[in-house]
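Structural description and commentary
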Amino acid sequence: MDFLTGLNDVQKAAVTAADGPTLVIAGPGSGKTRVLTYRIAWLLQQGVAPDQILTLTFTNKAAKEMKERISHVMGNAANRVWAGTFHSIFARILRAEASKLGFPATFTVYDTDDSSSLLRSIIQEMQLDPQVYNVGAVRSRISLAKSNLMTPQVYRSNEEWMTQDRQQKKPFIVDIYEKYMQRCKLAGAMDFDDLLLQLFRLLRDNPDNVLEKYRQKFQYIHVDEFQDTNFLQYAILRRLIKYDGSKENLFVVGDDAQSIYAFRGATIDNIIDFERDFPDLKVYKLEQNYRSTHHIVAAANQVISHNKKQLQKTIWTDKNERHKIKLLKCLTDDEEAKRVADLILEYKNRYHIPNQEIAILYRTNAQSRKFEEYLRRQNLAYRVFGGMSFYQRKEVKDLVAYLRIAVNPIDEEAMRRVINYPTRGISDSTLQKIGKVANQLNCSFWDAMTQVPDITDRAKKSIAAFRTLVLKWQEQTTKANASQLATDILRQSGLLDTLKADTSPEGQSKVENVVSVIDAIAEFVNGEVPAAEIAGADEVQDKSLAAYLQTVTLLTDADDNKQDTDRITLMSVHSAKGLEFQCLFVTGMEEQLFPSFMSSEDPNGLDEERRLFYVAITRAKELLTLTYCQNRYRYGQIRSFPPSRFLEEIGPEHFEISGGFGSARNAGREQEAVSNGARVSGVTPIRRNNGPIQSTISAAAQAAFTASPAEAIVAGVTVLHLKFGKGTVVSVEGPKDGKIAAIQFEQDDVPERRIVLKFAKLQVLDS
Ligand code: ATP
Ligand code: MG
C-alpha cells in the first residue's frame, strides 16, 4: 500500500472509502484527478477485476494518462480498465448492441460537418428559407432536444417548445428534426448526441438482456470533471448503477466553480441532484492546492468570489510565492504574440523550462495563428490543439469518407462527398435525382442509386462500376488487414493519383497527409498508438477499420494522435481543463473577447465566462502571464476594446508591475499616451482613467513639437516622444498599415518600448 503515502489524510480517506456513492468536491489543483487515479489502483489492489471498472474522463488523452499512472503501481492490469470519454465508451457499447436499435454494428458517427450538410439538404428539399432556418441554429435546437430526451414525437407534443418555435417563426423545426432522424437511420449513422440518446434508449428498452449485462459488468463507475456532465449522461450513469442499496458504486470528482459547458446542456445542478438522488452519499472536500503558488491561488479565489451561485470552498497553498502574475499590455495582437514568444525564450534560458511545461491559452481558436507565426520565428516547437485539426483537412476527410463507405455503404454523407471525386461522370443533377428517389421510396441513398429512372447510360454505368468497387471493399473489411485495405482504397478510388497529379509543394503535402492516415491505421492495427486503447480497452481489442474510424471521429479537441514530444501547447481555454503547466500564458484578455461578446448581455453567460477564466489561470503552476492588446485585428479590421473586466477582479498586489506596463487600471492612461483614435465608434470602454499625462520633456520642447510622418521613422534615427522623451529607434516592423517601432528611450527603465506608428506622435530629431 505504499502508493498511498503520496496522499494527504482526506485524499487517503476518499481513495480507500468503502463501496457506495462518493463525491469529491474541491477546487482546482487539489488532487481530485489524483484521488480518482489512486482509487482505481486501490480497487485493483483489493482484487477488483480491471474490466469491471469504468472511468469516464474529459478527454481520451486524460484516460490514457490515468491508465499509465495506474500501470506504474499496478502493472498491465491497468490497460484493461475501461477508460475514455463518455462518447467513446458509449460508442463502444453501441457497436456491440447496435442491432437491437436497428443500426449496423459498423454504424458511422456523423461529425458536426456531416450533420450540418445533411440538415442543409433537408432544409433545401423541404423548400424552407435557409435564412430563417439557419443550419447552425437548427442543429443546436435539435441537439438541445436530444439532450433533453425529446424524440420528434415528444417534441411535437410539447406545447412549450412548439410555441417557442412558432414565436421564432420557425414552426417546421420539428419536421426537420423528424426527417433528420429518419435520414440518419437510413444512412446507418449516429451523430454525437445520438451516442447518448441511443444508449439511453437501449438501456431503458432492454432492461433484462442489455442493462443487466452492463450493470453486472461495471461494478465500479468513476467520473472526472463531473461538473460538466449533462443531464442525459447523468441519467445513463444512474441507470447503470445498481439500485439494490449496496452496489451504488458511483465515484465522482468535480468542482462546480469550473463548470464551463452550459451551452452543451451541462449544469452545476447535477452536483446538487447527485446529493439528492443518493442520500447516503459520502462527500469529501479537499482544500489544499498542490499545483499553484500563492499569488495564483489568491488571484483565482478573488476572481471566482464575484460569482454568486457557487458552493462554498476554501482553497489554500503552502507553495511559496516566488513570482507574481505578470501582466503584459500590448499595442497589437502582433506585438502580443511577439512578446509572448520572447518571454518564453527568456524563461527557457533563465529557468530551463521544457516546452511541454509551457502553454498559451486563448478564448477562440482563431487567435492561435499569430502565436504560431512568432513561435516559428523563434524556432520554438509547438503543437496546436483544436481548430483546424488534421482530420478536418479536405484530403484527409475525402480519404476518411472512402473508408466510411467501405465499412458502411449506406452512409449518405460520405457517399455524397466522394461519389464524384475523383470525377466519374456522376453529375449534381444525378445526385439530386438519387436523393429524390431515396426520399420517395424511403430507402437509403445507396439503395436508391440503382433505381433512378431517366439518367444517362454513362451515369448508370459509372454508378454500377462504383458500387461494384465499394462492395468489393466492403467484403474486404471483414477479411483484410485494415491498413492494407485502406491502402487499396486510396489507390483504387483514384484519390492518390488525383492528389499526386498536383506537383506543387501544397499538393505534395496533401499526399503526405493521406499517407500519414494510412500510417496511423497501421499503428492502430499494430497497437502502438494510444488510439487502440482509448475506446476502452478490452482483452481482445477490435482492430477493424470500423473501430479505427470511430476513434478518429471521437477525438476531442485536446486529443492528439501524434507521439508526445517536447512541444509548447497552444489551445483554447475549454480544452485545457484538468491540465497543468509550469509556465502559462492566458492571452487576449480584452472585453468582448474574454469575456466573449456573446456573454456580455447575459449575467449567467458572464458567470460562465468567469468560471472559464478561473479554469484558465488555475492551470498555472508557477509562472502566469496575462496579456491584452489595445488593438486587435478582428473581423477584417483593427478594433480596440478595453482590458477585460476580469483583470480588475484580481488585486494589484498579485501583479508584477514591470517596466512601466502597469495594471489594467493604468490602461486608459497609457492608451492616451501612445495611441489615439483607434477605438471603433460605438464601443465605449467600460472604465478609463483620464489622469494627466506625466511628460518627461519641458514645456518649451512640447511647444516646439511637430510630429514627423510615419515613413520618416526608421531604424537608427533619434526621435522625440511627448511623454517618453528622447529615444533611438531600434527597429521598425510590421505591415504598412500597422508598423511598430521598437524604441529605446533615454530616460526609460524599460529595455524597449514598442509603439504603433499609426497612432504615435514622434518627431525625428537631427542627431
Ligand atoms: P483540476 O480541478 O484542475 O482538475 P485536480 O483537483 O484534479 O485539479 P490534480 O490534477 O489531481 O488536481 O492535482 C494537481 C497537482 O497536485 C498534480 O500535479 C498532482 O500530482 C499534485 N498533487 C495532488 N495531491 C498531492 C499530494 N497529496 N501531494 C503532492 N502532490 C499532490
Ligand atoms: Mg482534475
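1. Examining the overall build of the protein chain
Within the protein chain, the secondary structure is distributed over 30 helices and 21 strands. Among the 767 residues that make up the protein chain, the fraction classed as buried is 56%. Sequence-distant contacts, at least 24 apart, represent 75% of the contacts inside the protein chain between residues at least 6 apart. Here the protein chain displays about 32700 Å² of accessible surface, and carbon together with sulfur accounts for 49% of that area.

2. Digging into the sheet that holds strand S2 (residues 53-56)
Spatially, the six strands line up as an open sheet ordered S3-S2-S6-S7-S1-S8, and their pairing is parallel. Edge positions in the sheet fall to strand S3 (82-84) and strand S8 (282-286), since each of these pairs with one other strand and no more. Pairwise comparison of adjacent strand axes, ignoring direction, gives a mean angle of 10° for this sheet. Here helix H4 (residues 86-97) sits on the sheet and contacts S2, S3 and strand S6 (220-223); the angle it forms with S3, its principal contact strand, is near 130°. Docked against the sheet, helix H13 (residues 269-277) engages strand S1 (22-26), strand S7 (250-254) and S8, running at close to 145° with respect to S1.

3. A word on the sheet that holds strand S18 (residues 725-733)
Taken in spatial order, the five strands make up an open sheet running S20-S19-S18-S17-S21, and their pairing is antiparallel. At either margin of the open sheet sits one strand with a lone partner, and together these are strand S20 (753-756) and strand S21 (762-765). The average angle at which neighbouring strand axes cross in this sheet is 45°, direction not considered. When strand S17 (residues 718-721) meets S21, the two strands line up antiparallel, connected through four bridges. Its bridge partner lying in S21, valine 719 is registered against valine 764.

4. Focus on the site of ligand 1
In the vicinity of ligand 1, 19 residues are found, and the nearest of them are Lys32, Thr33, Arg34, Glu580 and Arg619. Here ligand 1, which alone exposes 640 Å², has 82% of that area covered by the protein. Here the element with the most residues in the shell around ligand 1 is helix H2 (residues 32-45); it accounts for three residues. Of the residues in the shell around ligand 1, the class split is three nonpolar, 10 polar and six charged. When residues of the shell around ligand 1 are assigned to domains, at least three map to each of domain 1 (2-95 + 198-286) and domain 3 (331-381 + 561-660).

5. Regarding the pattern of salt bridges
Throughout the structure, instances matching the rule amount to 40 salt bridges. Between glutamate 125 and arginine 183 there is a salt bridge, with its nearest N and O atoms 2.9 Å apart. Of this pair, glutamate 125 sits in helix H5 (residues 112-125) while arginine 183 sits in helix H9 (residues 173-186), placing them 58 residues apart in sequence. A salt bridge links arginine 632 to glutamate 336, with the nearest nitrogen and oxygen atoms 3.2 Å apart. A residue pair is termed long-range when its members are at least 10 positions apart, and arginine 632 in strand S14 (residues 620-634) and glutamate 336 in helix H15 (residues 333-351) qualify at 296 residues. Take arginine 632: its relative accessible area is 7%, and that puts it in the buried class.

6. Overview of helix H14 (residues 294-304)
The buried count for H14 comes to eight of 11 residues, which makes it a mostly enclosed element. Every buried residue of H14 is listed here: His295, Ile296, Val297, Ala298, Ala299, Ala300, Val303 and Ile304. In this fold, the buried residues of H14 make contact with strand S9 (325-332), helix H27 (603-617), S14 and helix H28 (645-648).

7. Looking at unusual backbone geometry
Here tyrosine 421 and proline 422 are connected by a cis peptide whose omega angle stands at 0°. Here proline 422 lies in the loop between helix H18 (412-418) and helix H19 (428-441). Residue proline 595 is bonded to the preceding phenylalanine 594 through a cis peptide linkage, with omega at 10°. Mapped onto the secondary structure, proline 595 falls in the loop between strand S13 (581-586) and H27. Despite not being glycine, aspartate 454 has its phi angle at roughly 35°, a positive value. Assignment of secondary structure puts aspartate 454 in the loop between helix H20 (445-448) and helix H21 (457-477).

8. Focus on the pairing of S18
Sheet topology places S17 next to S18; four bridges connect them, and they run antiparallel. Bridge pairing in S18 places valine 719 opposite glycine 727. Between S17 and the antiparallel strand that follows it, S18, lie three residues. Pairing of S18 with strand S19 (residues 740-745) involves six bridges; the strand directions are antiparallel. Each residue of the ladder has a partner; that of valine 732, found in S19, is alanine 741. Between S18 and S19, which pair antiparallel in sequence order, lie six residues; one of them, glycine 734, sits at a positive phi of approximately 105°.

9. Quick look at the packing of aromatic side chains
By convention here, two paired aromatic rings are described through the distance between centres and the angle between planes. Under the counting rule described, the total for this entry stands at 17 aromatic pairs. An angle of 55° between the planes, with centres 5.2 Å apart, marks the rings of phenylalanine 226 and phenylalanine 274 as tilted. With phenylalanine 226 in the loop between S6 and helix H12 (231-240) and phenylalanine 274 in helix H13, the pair connects residues that are 48 residues apart, well separated along the chain. By relative accessible area, which is 0% here, phenylalanine 226 ends up buried. Each member of the aromatic cluster is reached from another via a ring pair, and the members are Phe226, Tyr234, Phe274 and Phe278. Just above the ring of tryptophan 446 sits the side chain of arginine 467; from NZ or CZ to the centre is 4.0 Å. The positively charged end of lysine 577 is found above the aromatic ring belonging to phenylalanine 58, 3.9 Å away from the centroid.

10. Things to note about helix H10 (residues 192-205)
Taking 1.5 Å of rise per residue, 14 residues should cover 20 Å, and H10 covers 20 Å from first to last C-alpha, within 8% of that figure. Turning to H10, its buried residues number three or more, namely Asp194, Leu195, Leu196, Leu197, Gln198, Leu199, Phe200, Leu202 and Leu203. Between the side-chain oxygen at the start of H10 and the backbone nitrogen of aspartate 193 there is a gap of 3.1 Å, and the oxygen is on aspartate 191.

11. Focus: the environment of histidine 222
Within the secondary structure layout, histidine 222 lies in strand S6. Looking at histidine 222, the relative accessible area reads 0%, which means it is buried. Separated by 183 residues in the primary sequence, histidine 222 and arginine 39 place their C-alpha atoms 9.3 Å from one another. Non-local contacts of histidine 222, meaning those with residues more than four positions away in its chain, are made with Leu36, Arg39, Ile40, Leu43, Ile53, Leu54, Thr55, Leu56 and Phe251.

12. Remarks on the nonpolar core
Grouped together as the largest cluster of nonpolar side chains are 69 residues, with contacts concentrated most on Ile221, Leu250 and Phe274. There are two domains that each give this core at least three residues, and those are domain 1 (2-95 + 198-286) and domain 2 (108-187). With near-sequence residues (within four places) excluded, phenylalanine 274 lies in contact with Thr22, Leu23, Phe226, Tyr234, Leu250, Val252 and Leu281. Judged by nonpolar contacts, the second largest core, of 54 residues, contains Ala414, Leu431, Val517 and Ala520.

13. Points about the side chain of histidine 295
Relative to the helices and strands, histidine 295 resides in helix H14. A polar side-chain atom of histidine 295 sits 2.9 Å from a polar atom in the side chain of histidine 654. Leaving out residues up to four positions away in the same chain, histidine 295 has contacts with Glu321, His323, Lys324, Ile325, Glu653 and His654.

Cut-offs and rules
Residues numbered from 1 in each chain as written. Chains lettered and ligands numbered in written order. Predicted model: local features only at pLDDT ≥ 70, side-chain atom pairs only at ≥ 80, totals over all residues. Heavy atoms only, no water. Helix = DSSP H or I, 4+ residues; strand = E, 2+ residues; numbered from the N terminus. Buried < 20%, exposed > 50% of the residue type's maximum accessible area, 1.4 Å probe, protein only. Contact = heavy atoms within 4.5 Å. Areas by Shrake-Rupley, 256 points an atom, 1.4 Å probe, with all protein chains shown as cover. Pairing = 2+ DSSP bridges. Axes fitted to C-alpha atoms, helices over the stretch in contact; angles between N-to-C directions. Near = heavy atom within 4 Å. Nonpolar A, V, L, I, M, F, W, Y, C, P; charged D, E, K, R; others polar. Domains from an automatic or database assignment. Salt bridge = Lys/Arg side-chain N within 4 Å of Asp/Glu carboxyl O. Phe/Tyr/Trp six-rings, centres within 6.5 Å; stacked < 30°, edge-to-face > 60°. Lys NZ or Arg CZ within 6 Å of the ring centre and 35° of its normal. Expected span 1.5 Å × (residues − 1). Polar contact = N/O pair within 3.5 Å; in protein donor to acceptor, adjacent residues only side chain to side chain. Core = buried A, V, L, I, M, F, W, Y, C linked by side-chain atoms within 4.5 Å.

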